[in-house]
Amino acid sequence: VLNRTTVGFEIRTAGANPDAARYGGMKPRRLIMLTMTLSGLLCGLAGACILLGNDYQMTPGYDTTVGFDAIPVALLGQSNAIGIMLAALLFGAMRAGAALMQIKAGVPVELVDVVQSIILLFLVASVVFRRLFRLRGAKPPIATAESAATPRIRAMSGRVQGPRYATIESVLSAACERCFCAGRS
């Protein structure tokens, strides 16, 4: 949906640069509210499916780690749908196997938290070290996914373009030209 529709294009543009999106005729505040509303709706739907389909009741300590697991899953998947799915399967398999691992091998359940924390530490440390030492590929994982999608955006600009803009690059370059030329006159 984000890569194949006009609304998805507007959401990506508003997320990348709200000022350029505003210059391109979009309404970034409305798009951000729409995105947050849809995200909350999907999260509530997932929680309702788990409660109504698996547990049938709300326990006091109900899944307090799910939200904290989502952050490293998104970082490990580099904000790519397939990458996130694979990272979620990895983290879910570790969570599901923790109890059996404790029963069969006598390994504490907290080892899963330690392994997940180490994965998160390496993800964050790689970006920090690249930025500190200015190595190649110093972009954060979120920007990496957007730059990987850029050739696809160019290839399908005929399907995505709206009446006011063609590609993210054209909107951003027009905003930059406007900012730099306004200071010269």
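Heads up: the structure comes first, above all this text.
The shown structure was predicted, so the numbers you read here are calculated from the model rather than taken from an experiment.

Trainee: How would you summarise a nonpolar patch on the surface if you had to cite specific residues and measurements?
Mentor: On the surface, Val-7, Leu-34, Leu-38, Leu-41, Leu-42 and Leu-45 cluster together into a nonpolar patch covering about 540 Å² of accessible area. The dominant element in the nonpolar patch, judged by the number of residues it contributes, is helix 3 (residues 28-55), at five residues. For Leu-42, a relative accessible area of 55% puts it in the exposed group.

Trainee: Go over the packing of aromatic side chains with me, naming the residues and quoting the values.
Mentor: Scanning the model with the defined rule gives one aromatic pair in all. Here the aromatic rings of Phe-129 and Phe-133 are separated by 6.1 Å at their centres, their planes lie at 10 degrees, and the arrangement is stacked. Highlighted residues: Phe-129 and Phe-133, both in helix 6 (residues 110-133), separated by four residues, approximately one helical turn.

Trainee: Residues and numbers for the pattern of salt bridges, please.
Mentor: Scanning the model with the defined rule gives three salt bridges in all. Between Arg-22 and Asp-19 there is a salt bridge, with its nearest N and O atoms 2.9 Å apart. Taken together, the residues span about one helical turn, with Arg-22 and Asp-19 both in helix 2 (residues 18-23) at a distance of three residues. What makes Arg-22 partly exposed here is its relative accessible area of 46%. Between Arg-95 and Asp-113 there is a salt bridge, with the nearest N and O atoms lying 2.9 Å from each other. With Arg-95 in helix 5 (residues 81-105) and Asp-113 in helix 6, this residue pair connects regions lying 18 residues apart in the sequence. Its relative accessible area of 33% is what places Asp-113 among the partly exposed residues. Connected through shared salt-bridge partners, Asp-69, Arg-95 and Asp-113 make up one network.

Trainee: How would you summarise helix 4 (residues 66-76) if you had to cite specific residues and measurements?
Mentor: Listed as buried for helix 4 are Asp-69, Pro-72 and Val-73. For helix 4, the buried positions fall inside an angular range of 105 degrees around the axis, keeping them on one side. Away from its buried face by more than 90 degrees, helix 4 exposes Phe-68 and Ile-71. Gln-78 sits one or two positions beyond helix 4 and adopts a positive phi of about 55 degrees.

Trainee: Could you give me a rundown of the packing of helix 4 against helix 5, with the residues and numbers involved?
Mentor: Packed helix pairs are specified by the crossing angle of their axes together with the interaxial distance, meaning the distance between the axes. Put simply, helix 4 and helix 5 touch, their axes get as near as 8 Å, and they point 135 degrees apart. Put simply, helix 4 runs oblique to helix 5. For the element pair helix 4 and helix 5, the recorded crossing hand is right-handed. Across the interface between the two elements, Asp-69, Pro-72, Val-73, Ala-74 and Leu-76 from helix 4 touch Ile-84, Ala-87, Ala-88, Leu-90, Phe-91 and Arg-95 from helix 5. Of the residues assigned to the contact of helix 4 with helix 5, the class counts are nine nonpolar, no polar and two charged.

Rules used throughout
- Residues numbered from 1 in each chain as written.
- Predicted model: local features only at pLDDT ≥ 70, side-chain atom pairs only at ≥ 80, totals over all residues.
- Heavy atoms only, no water.
- Patch = residues over 30% accessible without salt bridge, like charges linked within 9 Å, V, L, I, M, F, W, Y side chains within 5 Å.
- Areas by Shrake-Rupley, 256 points an atom, 1.4 Å probe, with all protein chains shown as cover.
- Salt bridge = Lys/Arg side-chain N within 4 Å of Asp/Glu carboxyl O.
- Helix = DSSP H or I, 4+ residues; strand = E, 2+ residues; numbered from the N terminus.
- Buried < 20%, exposed > 50% of the residue type's maximum accessible area, 1.4 Å probe, protein only.
- Phe/Tyr/Trp six-rings, centres within 6.5 Å; stacked < 30°, edge-to-face > 60°.
- Arc of directions from axis to C-beta.
- Axes fitted to C-alpha atoms, helices over the stretch in contact; angles between N-to-C directions.
- Parallel < 35°, antiparallel > 145°, perpendicular 65-115°, else oblique.
- Left-handed = near helix turned anticlockwise from the far one by under 90°.
- Contact = heavy atoms within 4.5 Å.
- Nonpolar A, V, L, I, M, F, W, Y, C, P; charged D, E, K, R; others polar.

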